[in-house]
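# Fold and geometry: a report
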Amino acid sequence: MGTGSFWWDLLIAVAGALVLAWLALIVALLAVRPRGGLLTEALRLLPDLLRLLRRLAADKTLPRGVRIRLGLLLAYLALPIDLVPDFIPVLGYADDAIIVAAVLRSVVRRAGLDAVRVHWPGSDDGFAALTRLAGMGAR
């Protein structure tokens, strides 16, 4: 059943698809979010994480796919538009930390924890929190 107008039907279909895609992204964010107090740690580590991401993205010794992933993450973080608007409680501000954690997990798994350690600008305690956030045991 439609409106009888091709353009209105198309507009409604595209809007519906965008809403479904957004809901799927929200569910994905909830699925990969750090458990327990790790989200709070991620928010505290954010300044050091941003410096780490920039340093890793600039490291030519890392695989190209890792650097591209990091570049896309930095571009996303620089954009004023978020997947979850900031006025939504809890997830509004946490979406950036969740996305950083998910990308960081993939970077650590691909490039190795040692590559990340070389570029870590923070303290040893911060690095231990980072390894928990990335889902890797501290070595």
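Conventions adopted
- Residues numbered from 1 in each chain as written.
- Predicted model: local features only at pLDDT ≥ 70, side-chain atom pairs only at ≥ 80, totals over all residues.
- Heavy atoms only, no water.
- Buried < 20%, exposed > 50% of the residue type's maximum accessible area, 1.4 Å probe, protein only.
- Helix = DSSP H or I, 4+ residues; strand = E, 2+ residues; numbered from the N terminus.
- Core = buried A, V, L, I, M, F, W, Y, C linked by side-chain atoms within 4.5 Å.
- Contact = heavy atoms within 4.5 Å.
- Patch = residues over 30% accessible without salt bridge, like charges linked within 9 Å, V, L, I, M, F, W, Y side chains within 5 Å.
- Areas by Shrake-Rupley, 256 points an atom, 1.4 Å probe, with all protein chains shown as cover.
- Salt bridge = Lys/Arg side-chain N within 4 Å of Asp/Glu carboxyl O.
- pLDDT = per-residue confidence, 0-100.
- Phe/Tyr/Trp six-rings, centres within 6.5 Å; stacked < 30°, edge-to-face > 60°.
- Lys NZ or Arg CZ within 6 Å of the ring centre and 35° of its normal.
- Expected span 1.5 Å × (residues − 1).

### With respect to helix α6 (residues 124–133)
Buried within α6 we find Gly126, Phe127, Ala129, Leu130, Thr131 and Leu133. Once α6 finishes, Gly135 follows within two positions and takes phi at roughly 75°, a positive value.

### A word on the nonpolar core
Formed by 25 residues in total, the largest nonpolar core has its most connected members in Leu49, Leu52, Leu56, Leu70, Val116, Trp120 and Leu130. At 7 residues, helix α4 (residues 91–111) tops the list of elements feeding residues into this core. Excluding anything up to four places from it in sequence, Leu56 contacts Leu62, Arg67, Leu70, Val107, Ala115, Val116 and His119.

### Regarding a nonpolar patch on the surface
A contiguous nonpolar surface patch, about 570 Å² in accessible area, is contributed by Phe6, Trp7, Leu10, Val14 and Leu18. Position of Leu18 among the secondary structure elements: in helix α1 (residues 6–32). Relative accessible area serves as the criterion here: at 58%, Leu18 is assigned to the exposed category.

### So, the confidence of the model for the chain
In this model, the chain carries an average pLDDT of 78, and 76% of its residues clear a pLDDT of 70 or more. Looking at the elements of the chain, mean pLDDT is at its lowest for α1, recorded as 75, and at its highest for helix α3 (residues 64–78), recorded as 89.

### Points about the pattern of salt bridges
Counted according to the given criterion, the structure contains 2 salt bridges. Its salt-bridge partner being Arg117, residue Asp124 comes within 2.5 Å of it at the nearest N-O pair. We classify Arg117 as partly exposed; its relative accessible area is 32%.

### Considerations on the packing of aromatic side chains
Within this structure, the stated rule accounts for 2 aromatic pairs. Centre to centre, the rings of Phe6 and Trp7 are 5.0 Å apart; their planes meet at 75°, and the pair counts as edge-to-face. One exposure class covers both Phe6 and Trp7, and it is exposed. The ring of Phe127 carries Arg117 above its face, with NZ or CZ at 4.5 Å from the centroid.

### A short note on α3
One turn of an α-helix holds 3.6 residues; hence residues three or four places apart share an orientation. Taking 1.5 Å of rise per residue, 15 residues should cover 21 Å, and α3 covers 21 Å from first to last C-alpha, within 8% of that figure. Buried residues of α3: Val66, Arg67, Leu70, Leu73 and Tyr76, and no others.

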